[in-house]
Amino acid sequence: MKQWKININGTQNAVVFVPNHWSGKHKLTINGKEVELKKSPFQAFVGMDLPIDIAGKECRFVLIGNKADIAVDGTYIDSKKLYVPLKSMPWWTWIFVIVCIAIPIVSLGGALPVVIALLCSIWCVRVSVSPNIRTAIKVLCCLGILVLAWILFGILLFVLSGI
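Residues numbered from 1 in each chain as written. Predicted model: local features only at pLDDT ≥ 70, side-chain atom pairs only at ≥ 80, totals over all residues. Heavy atoms only, no water.

Take the sheet that holds strand S3 (residues 27-30) next. Strand order across the open sheet formed by 4 strands is S1-S2-S3-S4, with antiparallel pairing between neighbours. Every other strand in the sheet has two partners, leaving strand S1 (2-8) and strand S4 (33-35) as the edge strands with one partner each. The average angle at which neighbouring strand axes cross in this sheet is 25°, direction not considered. Pairing of S3 with S4 involves 3 bridges; the strand directions are antiparallel. Among the inter-strand pairings, Thr29 is bridged to a residue of S4, identified as Glu34. (Pairing = 2+ DSSP bridges. Helix = DSSP H or I, 4+ residues; strand = E, 2+ residues; numbered from the N terminus. Axes fitted to C-alpha atoms, helices over the stretch in contact; angles between N-to-C directions.)

Packed helix pairs are characterised by how far apart their axes lie and by the angle those axes make with each other. Where helix H3 (residues 111-128) contacts helix H4 (residues 135-161), the two axes come as close as 9 Å, and the packing angle between them is 170°. Relative to H4, the element H3 is oriented roughly antiparallel. Contact residues: H3 offers Leu112, Pro113, Ile116, Cys120, Trp123, Cys124, Val127 and Ser128, while H4 offers Lys138, Cys141, Cys142, Ile145, Leu148, Ala149, Leu152, Phe153 and Leu156. Tallied by class, residues from the contact of H3 with H4 come to 15 nonpolar, 1 polar and 1 charged. (Parallel < 35°, antiparallel > 145°, perpendicular 65-115°, else oblique. Contact = heavy atoms within 4.5 Å. Nonpolar A, V, L, I, M, F, W, Y, C, P; charged D, E, K, R; others polar.)

Over its 18 residues, H3 extends 26 Å from the first C-alpha to the last, a length consistent with the 26 Å expected when each residue adds 1.5 Å. Among the residues of H3, Pro113, Ile116, Ala117, Cys120, Ser121, Cys124, Val125, Val127 and Ser128 are the ones counted as buried. All buried residues of H3 fall inside an arc of 165° around its axis, so they share one side. Facing away from the buried side of H3, by more than 90 degrees, are the exposed residues Ala111, Leu112 and Leu119. (Expected span 1.5 Å × (residues − 1). Buried < 20%, exposed > 50% of the residue type's maximum accessible area, 1.4 Å probe, protein only. Arc of directions from axis to C-beta.)

The following block contains the structure:
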């Protein structure tokens, strides 16, 4: 559970966020009133950036992974960093995700290839939506993650073929 006391126009406002990692149905209350958090596709991987109204002022509720924060007047309350809007997943990310997901298809299944593919896909998605990295660097990072995934798969094949 995460709690904030936000002073807007001289009035203290209580904001409480209760995450539910099992169902993904998180709960956000502002001054005791529950606020509906709209779910979006791939929210668990990409994150959430929603406008919320606190005492008539528009603020932003941002959830990335397990880290929740609220931006008021362009600054995050907890981290004190400037608010940068969370971007949606670029189209080119799907290319990296599909090539990662090809690992368990090529291997005809197995738990370890599935784990490698899922972890590397999630990593590519997280890198691609990061607001502080230029697009060219994001693509290079995702390419590196993809190469790492296939190298890990190759090592797995090599180790298992020697048994």
